[in-house]
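Chain and residue survey
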Amino acid sequence: MAINWFPGHMHKARKDIAEVMAQVDVIIEMLDARIPFSSENPLVNGLRGDTPCIKVLNKADLADPVLTQVWVEHFDQQKGFRAIPISQQNPEQIRALLNLAKTLIGERDFAIRPARAMIMGVPNVGKSTLINTLAGRTIARTGNEAGVTKSQQKIKLANDIYLTDTPGFLWPKLTPPESGYRLAITGGIKDTAFDYPDIALFAAEHLLKAYPERLSSRYGLAELPHHDEELLIEIGKKRGCVGKRGSVDWEKVSRILINELREGKLGPLSLETPQGVLEEVARAQQLEQEKAALKTQREAERKARTKKNRK
């Protein structure tokens, strides 16, 4: 099942960003360090033009540090981008972000002409929390739910930087489809747009391959099952999610796994790698080409039948 979520306020947010982009000196795009590709909005490139962009890998304390460094190097190799991992609990990393922003803007008297930055990112990636930290006071509304910020606001920071906050917005079609699952797993999509068992099975498959020892330790499993469904069943047994007739409460056990993953109770982990997403993108493009070819074929067959019936 493909997961998509693009409510009306996101379409408006994209239009509003496009209107003010020419006034922006530097873009701060916040990503989830656990899913840097899936939380990277492909529309940003079309909106930013040549404006330098800092990819902020937020929630780095929840991500696999080895893979986070791989992603930093991946972004730094791209023209016009710099990447920096941060944790909201580390003020030094946040101060480094502002210094990097000024470096990318270049030499000028910021007291005369303050730096103009725009912060962007998918829903629930931590923009509002970061803004409040930078400002030293509560300005932006925060919440552990996707889609809290609904409109733009401009904030003056103490270090000659004007920051424009924007609502978190996705894009109309999440592709490859695996990206939608990862966004849902990490809380970037409103939970009414997906089924928990669906994303829990996706998460279970990845964890079995990438972090089997974490599963064994967290859920006390002496022997790990080989398949995602079997894993959820075993976790359900350990956590009291099995009914009187022995059936598993899929909704309950799925929420347990997803919530504990989000809270970092399985340890710091990442859900994707640069090489892995390249393969997913290639498969998605191949599938789209096959769909387009089939559509063309069916259209040709339809026209042929129509022409034949007219004779």
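For the structure, see preceding data.
Thresholds, definitions, all that
- Residues numbered from 1 in each chain as written.
- Predicted model: local features only at pLDDT ≥ 70, side-chain atom pairs only at ≥ 80, totals over all residues.
- Heavy atoms only, no water.
- Helix = DSSP H or I, 4+ residues; strand = E, 2+ residues; numbered from the N terminus.
- Buried < 20%, exposed > 50% of the residue type's maximum accessible area, 1.4 Å probe, protein only.
- Areas by Shrake-Rupley, 256 points an atom, 1.4 Å probe, with all protein chains shown as cover.
- Pairing = 2+ DSSP bridges.
- Axes fitted to C-alpha atoms, helices over the stretch in contact; angles between N-to-C directions.
- Contact = heavy atoms within 4.5 Å.
- Phe/Tyr/Trp six-rings, centres within 6.5 Å; stacked < 30°, edge-to-face > 60°.
- Lys NZ or Arg CZ within 6 Å of the ring centre and 35° of its normal.
- Parallel < 35°, antiparallel > 145°, perpendicular 65-115°, else oblique.
- Nonpolar A, V, L, I, M, F, W, Y, C, P; charged D, E, K, R; others polar.
- Salt bridge = Lys/Arg side-chain N within 4 Å of Asp/Glu carboxyl O.

**Considering the overall build of the chain**
Helices and strands together make up the secondary structure of the chain, namely 11 helices and 6 strands. The buried share of the chain, reckoned over its 311 residues, is 46%. Surface exposure of the chain reaches about 16000 Å², of which carbon and sulfur atoms provide 50%.

**Observations concerning the sheet that holds strand E1 (residues 26-32)**
Spatial ordering of the open sheet is given by E3-E2-E1-E4-E6-E5, a layout of 6 strands whose pairing is mixed. Strand pairing shows two members of the sheet lacking a second neighbour, strand E3 (81-85) and strand E5 (153-156), which therefore form its edges. When strand polarity is set aside, the average angle formed by the axes of neighbouring strands in this sheet is 25 degrees. Here strand E2 (residues 53-58) runs beside E3; their pairing, made up of 5 bridges, is parallel. Within E3, the residue paired with Cys53 across the bridge is Phe81.

**Quick word on the side chain of Lys55**
Looking at the secondary structure, you find Lys55 in strand E2. Lys55 sits in the buried class, given a relative accessible area of 1%. The contact partners of Lys55, leaving out residues within four places of it in the chain, are Glu29, Leu31, Glu40, Phe75, Phe81, Arg82, Ala83 and Ile84.

**Looking at the packing of aromatic side chains**
Per the stated rule, a full pass over the model turns up 3 aromatic pairs. One cation-aromatic arrangement involves Arg48 over Phe81; the distance from NZ or CZ to the ring centre is 4.3 Å.

**Let's talk about the packing of helix H9 (residues 228-238) against helix H10 (residues 250-262)**
Between H9 and H10, the shortest axis-to-axis distance is 9 Å and the interhelical angle comes to 90 degrees. Between H9 and H10, the interaxial angle falls into the category roughly perpendicular. The segment H9 lies against H10, with Glu229, Leu232, Ile233, Ile235 and Gly236 engaging Trp250, Val253, Ser254 and Leu257. Of the residues contributing to the contact of H9 with H10, the split by class is 6 nonpolar, 2 polar and 1 charged.

**Regarding the pairing of strand E6 (residues 161-165)**
Counting buried residues in E6 gives 4 out of 5 residues, a clear majority hidden from the surface. In the sheet, strand E4 (residues 115-121) pairs with E6 via 5 bridges, with the strands oriented parallel. Note that in E6 the partner of Ile119 across the bridge is Asp165. Pairing geometry for E5 and E6, over 4 bridges, is antiparallel. Residue pairing for E6: Lys156 is matched across the bridge by Tyr162.

**Looking at helix H5 (residues 127-135)**
Most of H5 sits inside the fold, with 7 of its 9 residues counted as buried. Listed in full, the buried residues belonging to H5 are Lys127, Ser128, Leu130, Ile131, Asn132, Leu134 and Ala135. For H5, the elements touching its buried residues are E1, helix H4 (91-105), E4, E5 and E6.

**Some details on the pattern of salt bridges**
Under the criterion given, the structure shown has 17 salt bridges. With its nearest N and O atoms 2.9 Å apart, the salt bridge here joins Glu251 to Arg255. Placement of the pair is Glu251 and Arg255 together in helix H10, with a separation of 4 residues, close to one helical turn. Classification of Glu251 by relative accessible area gives partly exposed; the value is 33%. Where salt bridges share partners, they join Glu29, Glu40 and Lys55 into one cluster.

**Focus: the pairing of E1**
The element E1 is extensively covered by neighbouring structure, given that 7 of its 7 residues are classed as buried. Here E1 shows two buried faces, one formed by Val26, Ile28, Met30 and Asp32 and the other by Ile27, Glu29 and Leu31. As defined by bridge partners, E1 adjoins E4 across 5 bridges and the pair is classed as parallel. Directly across from Met30, in E4, lies its bridge partner Gly121. In this sheet, E2 lies alongside E1 in parallel orientation, the contact comprising 6 bridges. Pairing of Ile27 across the sheet is with Cys53, part of E2.

**Brief notes about helix H6 (residues 177-186)**
Counted residue by residue, H6 has 9 buried out of 10 residues, so it is predominantly covered. By the burial criterion, the buried members of H6 are Glu178, Ser179, Gly180, Tyr181, Arg182, Leu183, Ala184, Ile185 and Thr186. Where H6 is buried, its residues meet E1, helix H7 (196-210), H10 and helix H11 (274-310).

**Some details on the environment of Leu31**
Positionally, Leu31 belongs in strand E1. Each C-alpha atom of the pair Leu31 and Val125 lies 6.5 Å from the other, and the pair is 94 residues apart in sequence.

**Focus on the packing of H6 against H10**
One way to put it is that H6 packs onto H10 with a least axis distance of 8 Å and a crossing angle of 80 degrees. Between H6 and H10, the crossing angle belongs to the class labelled roughly perpendicular. In this structure, H6 contributes Ala184, Ile185 and Thr186 to the contact, and H10 contributes Ile258, Leu261 and Arg262. Considered class by class, the residues forming the contact of H6 with H10 number 4 nonpolar, 1 polar and 1 charged.

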